[in-house]
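Below are the chains, spelled out letter by letter.
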Amino acid sequence: MLKKITEVKSVATREKFVREVILDEIKDYITSYRVDAMGNLIVYKKSSLNLEEPLSVMMVAHMDEVGLVVTEITDDGLLKFDYISIINLDAIVSKRVKCGDLQGVVGSVSLAGIPIAERCNRVKLDDLFIDIGAISKEDAEQYVMPGDVFSFVSDYVEFGDGFIKALALDNRVGCAIMMDALKGDYNCDIVCLFTAQEETAMRGAKAAAFGIKADFALNFDTTLANDTTGVPSHMMGSKIGKGAEYTVKGKGTVSDLQLVDLLKNVSEQYSLPLQMGNLAFSSGDLLEIATANGGTRNIAISVPARYAHTPVCVISNKDFCVTKEIVKMFLHRINSDMMKGRD
Amino acid sequence: MDIFSFLKEMDKYYGITGNEKDIAGFVADKLNNYCEETWNDKLGNVFGRIPSKHENAKKLMITTHLDSIGLMVKNIDENGFLQFETLGAVDERILPASEVVVFGEKKSFGVIGAKAAHIAGADKNRPQSKEMLIDAGFKKETAQNIIQPGDFVALKSCLVQLLNNHISGGGLCSHSGIAAVFDFLEKVMDVDLPYDLFVVFTVGRESGSVGAYSAAYSVRPDVVVAVDAIQGKIHSKDQTKGSFDLGSGCVISRTPDVSYEGTLNLICKAKEQNIPFETNASGWITMSDATAMQNVAGAVHTFLLSVPIRYMHQTVEMVYLDDISACSDLIYLISSGGVEIA
């Protein structure tokens, strides 16, 4: 399933493609769903027990991926672009891109054309463009317009010792975790937000969460595994192969410590490896979810990923499976004891 | 010949400068369909011969190179990541977030890492290859069982068709020339040629024309027609010296390392026959296989025909398919005796 949803290209604002695939997979396991004006997919699954007031758990994962948006077509038919979400421009030179069926490549001015003193500088947006093989502006205009969105091209590959490289692991991994969880039955009411536009500063989550009051919110995403050689350990974030990751503090969010304890408990009980991420960077959708509707107790559970926001994002299959399991067990363990939170 | 299909078939084979075995096998196999004799030499050059039916025919050798830029494993670090060297003039800007194939005991997929944008922001300079690491997904012990320092690494290519008969993929700086030569060989099947025809696919052009020297030495041709790649203009205002628009046709070099009279005659004939071409004029030698072959074993008449390639030495090299056909037309023009050499 991960292969299926990572190979669908759905850049922020164009989530409908992957949304259709997701809906198709989960429709038999849910009570109802709706799609809002921003393209968020909101899915409801009622508790399997006939409780008067079941606990409600909101789960969140964004459907969109990073990409490039055409800003201008030059006289020669080259496409100037801007990026959606933050991208390390050093990582996109000479990569394939696609807009629907239209193939393109990210071309760059030749090194010989750059003044010698600047040749070691980081790649600049001005030096890059998308080349679709058009021979003039008029020619290109038959196929693209400013505002059209290109995604990267990257096949799903299993390699090494149980590693996976695929497009948009950030955050199809989170979607896959939710899709897998939805196939089970739980005591609590569940609402799943497959959000749009996380990559443009969590704008979808803000709209999706509006008016949906839940007792707890769980956010699923990839998290930075900056664990290559030479990185000091305090900059690593998390490590691939060491299991699911939870964050205590993200940028602007703090995980509910009782939820964290429960997670650690589940990890120990079922021998599912768990690690704490130590880089307090962006919390993704959780920032919007945690503060919406007067605030919700929350926790972020993530899969460590290397090379995020590049076409070669890598995760460990073991971490992915562990995270799926730990989330399901965690959901089963959420019971009325959890209502006794910090007052 | 359907040039794109030929290139797509060849796209699966890699010829990394210094280890061209993978693609040499593919080429040698194809060459058997056209040549009476085919053989390799000790360096890995692939030769073919179509003897002339005429007595005392002069020897004409068509040459193009097998190799492309690549990488070499230098060391496996304590975490199983591979440190590497670049081979040939790799444009290092393409390396971060590239996919690679490591030719160890078995082929292994890998990626060259790149910092996530969230943490790359603070850097002033772009990463250098000596700081980069290949991630093949192995721990050190597993890696050491199948990979060792000195193993070659190819930059993964996927040839795609863009608009207007343009194509893009890795390795086109050598594959275009190979396609042009095979397109030519299709044209001369059953044609009575005035020359004793040799074809050589050389190794190590990206490492200083290593194969070219020995190929010329062993064959001792009278005439050499070298096929190579040349910088393609990226846009109409691209002022880079020595670069040409895609769609120029074949680029004929008028440089000190080619035959002055022969090339002049070629240009006149090309105009007569409406074969699209441009001229690369320069006072500098081109440092191509033509340069190597011109004087290594006595003096030889040389021609240098090049296919314009955009984004040279990147994995998205771009070519206009008709430029490859134009190149093969000019090879045919010379080999069929249509051009007075001296």
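The rules behind these values
Residues numbered from 1 in each chain as written. Chains lettered and ligands numbered in written order. Predicted model: local features only at pLDDT ≥ 70, side-chain atom pairs only at ≥ 80, totals over all residues. Heavy atoms only, no water. Helix = DSSP H or I, 4+ residues; strand = E, 2+ residues; numbered from the N terminus. Rg over C-alpha atoms; globule rule 2.2 N^0.38 Å. Buried < 20%, exposed > 50% of the residue type's maximum accessible area, 1.4 Å probe, protein only. Contact = heavy atoms within 4.5 Å. Areas by Shrake-Rupley, 256 points an atom, 1.4 Å probe, with all protein chains shown as cover. Lys, Arg positive; Asp, Glu negative; His and termini not counted. Charge placed at Lys NZ, Arg CZ, Asp CG, Glu CD. Salt bridge = Lys/Arg side-chain N within 4 Å of Asp/Glu carboxyl O. Buried area = accessible area lost by both parts, 1.4 Å probe. Disulfide = S-S within 2.5 Å. Patch = residues over 30% accessible without salt bridge, like charges linked within 9 Å, V, L, I, M, F, W, Y side chains within 5 Å. Pairing = 2+ DSSP bridges. Axes fitted to C-alpha atoms, helices over the stretch in contact; angles between N-to-C directions. pLDDT = per-residue confidence, 0-100. Core = buried A, V, L, I, M, F, W, Y, C linked by side-chain atoms within 4.5 Å. Expected span 1.5 Å × (residues − 1). Polar contact = N/O pair within 3.5 Å; in protein donor to acceptor, adjacent residues only side chain to side chain. Left-handed = near helix turned anticlockwise from the far one by under 90°. Nonpolar A, V, L, I, M, F, W, Y, C, P; charged D, E, K, R; others polar.

### A word on the overall build of chain B
1) Next: Secondary structure assignment for chain B yields nine helices and 17 strands.
2) Next: The C-alpha radius of gyration computed for chain B amounts to 21 Å, which stays within 12% of the reference 20 Å derived for 342 residues, consistent with globular compactness.
3) Next: Here the C-alpha coordinates of chain B stretch approximately 65 × 45 × 35 Å along the principal axes.
4) Next: Each of the 342 residues in chain B was classed as buried or not, and the buried ones make up 59%.
5) Next: Taking as baseline every contact in chain B between residues at least 6 positions apart, the subset at least 24 positions apart corresponds to 76%.
6) Next: Accessible area for chain B stands at about 13300 Å²; split by element, carbon and sulfur atoms hold 47% of it.
7) Next: The centroid of the 30 positive side-chain charges in chain B is displaced by 4 Å from the centroid of its 43 negative side-chain charges.

### Observations concerning the pattern of salt bridges
1) Next: Using the criterion set out here, one finds 23 salt bridges over all chains in the structure.
2) Next: A salt bridge links Arg205 of chain B to Asp228 of chain B, with the nearest nitrogen and oxygen atoms 2.8 Å apart. One end of the pair, Arg205 of chain B, is in the loop between strand S12 (196–202) and helix H6 (210–219); the other, Asp228 of chain B, is in strand S13 (residues 223–231), with 23 residues separating them in the sequence.
3) Next: What makes Arg205 of chain B buried here is its relative accessible area of 14%.
4) Next: Note on Asp228 of chain B: relative accessible area 7%, which makes it buried.
5) Next: Connected through shared salt-bridge partners, Lys4, Glu25 and Lys183 of chain A make up one network.

### Describing the interface of chain B and chain A
1) Next: Across the boundary between the two partners, chain B contributes 54 residues, which contact 58 residues of chain A.
2) Next: Carbon and sulfur atoms make up 59% of the area that chain B and chain A hide from each other, which totals about 4600 Å².
3) Next: There are three salt bridges connecting chain B and chain A.
4) Next: A salt bridge links Arg306 of chain A to Asp135 of chain B, with the nearest nitrogen and oxygen atoms 2.7 Å apart.

### Side note on the state of the cysteines
All names here are of chain A.
1) Next: Going through the model one piece at a time under the given rule, you end up with zero disulfides over all chains.
2) Next: Between Cys321, a cysteine without a disulfide, and Cys313, which holds the nearest cysteine sulfur, the sulfur-to-sulfur distance is 16 Å.
3) Next: Residue classification places Cys321 among the partly exposed residues on the basis of a relative accessible area of 35%.

### With respect to a negative patch on the surface
1) Next: A cluster of like negative charges, contributed by Glu72, Asp75, Glu138 and Glu141 of chain A, occupies part of the molecular surface.
2) Next: Within the secondary structure layout, Glu141 of chain A lies in helix H3 (residues 137–141).

### Side note on the sheet that holds strand S2 (residues 41–45) of chain A
Residue and element names in this part refer to chain A.
1) Next: Across the sheet, which stays open at both edges, the eight strands sit in the order S1-S2-S12-S3-S13-S16-S14-S15 with mixed pairing between neighbours. The sheet is open, and its two edges are formed by strand S1 (32–35) and strand S15 (274–276), each paired on a single side. Put simply, the sheet's adjacent strands are angled 25° from each other on average, direction ignored.
2) Next: Here S2 pairs with strand S12 (residues 189–195) via five bridges, running antiparallel. Following the sheet pairing, Lys45 is matched in S12 by Ile190.
3) Next: Where helix H2 (residues 16–26) meets the sheet, it contacts S1, S2 and S12, and its direction lies at approximately 10° from that of S2.

### Thoughts on the pairing of strand S3 (residues 56–62) of chain A
Residue and element names in this part refer to chain A.
1) Next: Among the seven residues of S3, seven are classified as buried, and the element is accordingly described as predominantly covered.
2) Next: Two elements, S3 and S12, share seven bridges in a ladder whose sense is parallel. What sits directly across from Ser56, in S12, is Asp189.
3) Next: Pairing analysis gives four bridges linking S3 to strand S13 (residues 216–224), with the strands arranged parallel. Bridged to Val60 within S13 is Asn219.

### Brief notes about the confidence of the model for chain B
It should be kept in mind that the predicted coordinates are not to be read in detail where pLDDT is low.
1) Next: For chain B, per-residue confidence averages 94 on the pLDDT scale, and 100% of positions sit at 70 or higher.
2) Next: Taken together, the chains of this predicted complex give a pTM of 0.90 and an interface ipTM of 0.89.

### Details of unusual backbone geometry
1) Next: Residue Asn171 of chain A follows Asp170 of chain A across a cis peptide bond; omega there is 15°.
2) Next: With respect to the helices and strands, the residue Asn171 of chain A is situated in helix H4 (residues 169–182).
3) Next: Despite not being glycine, Asn56 of chain B has its phi angle at roughly 55°, a positive value.
4) Next: When you line up the elements, Asn56 of chain B lands in the loop between strand S2 (46–50) and strand S3 (59–65).

### Some details on the nonpolar core
1) Next: Within the largest apolar cluster, 61 residues are counted, with the highest numbers of intra-cluster contacts made by Leu7, Phe201 and Leu305 of chain B.
2) Next: With nine residues, the top contributor of residues to this core is helix H5 (residues 172–187) of chain B.
3) Next: Among all residues touching Leu7 of chain B, those that are not within four sequence positions of it are Leu159, Ile167, Leu172, His175, Ser176, Ala179, Leu321 and Ile324 of chain B.
4) Next: If you look at the next biggest cluster of nonpolar residues, it comprises 58 residues, including Tyr156, Val173, Leu182 and Met329 of chain A.

### What to know about helix H8 (residues 317–333) of chain A
Residue and element names in this part refer to chain A.
1) Next: Its 17 residues give H8 an end-to-end C-alpha distance of 25 Å, which sits within 8% of 24 Å, the value for a rise of 1.5 Å per residue.
2) Next: All buried positions along H8 are accounted for by Asp319, Phe320, Val322, Thr323, Lys324, Ile326, Val327, Lys328, Met329, Phe330 and Leu331.
3) Next: Two to three positions downstream of the cap, the backbone nitrogen of Lys318 sits 3.2 Å from a side-chain oxygen, assigning the N-cap of H8 to Ser316.

### Comments concerning a positive patch on the surface
1) Next: Positive charge collects at one region of the surface, where Lys239, Lys242 and Lys318 of chain A together with Lys139 of chain B lie side by side.
2) Next: Mapped onto the fold, Lys139 of chain B is located in the loop between strand S8 (134–135) and helix H4 (140–146).
3) Next: Judged by its relative accessible area of 55%, Lys139 of chain B is exposed.

### A word on the packing of helix H6 (residues 257–269) of chain A against H8 of chain A
All names here are of chain A.
1) Next: Running from N to C, H6 and H8 point in directions that differ by 115°, and their axes come no closer than 10 Å. Helix-helix and strand crossings are classified by hand; for H6 and H8 the assignment is right-handed. Contacts between H6 and H8 involve Leu259, Leu262, Leu263, Asn265, Val266, Ser267 and Gln269 on the former and, on the latter, Ile326, Met329, Phe330 and Arg333.
2) Next: Residues that form the contact of H6 with H8 fall into these classes: seven nonpolar, three polar and one charged.

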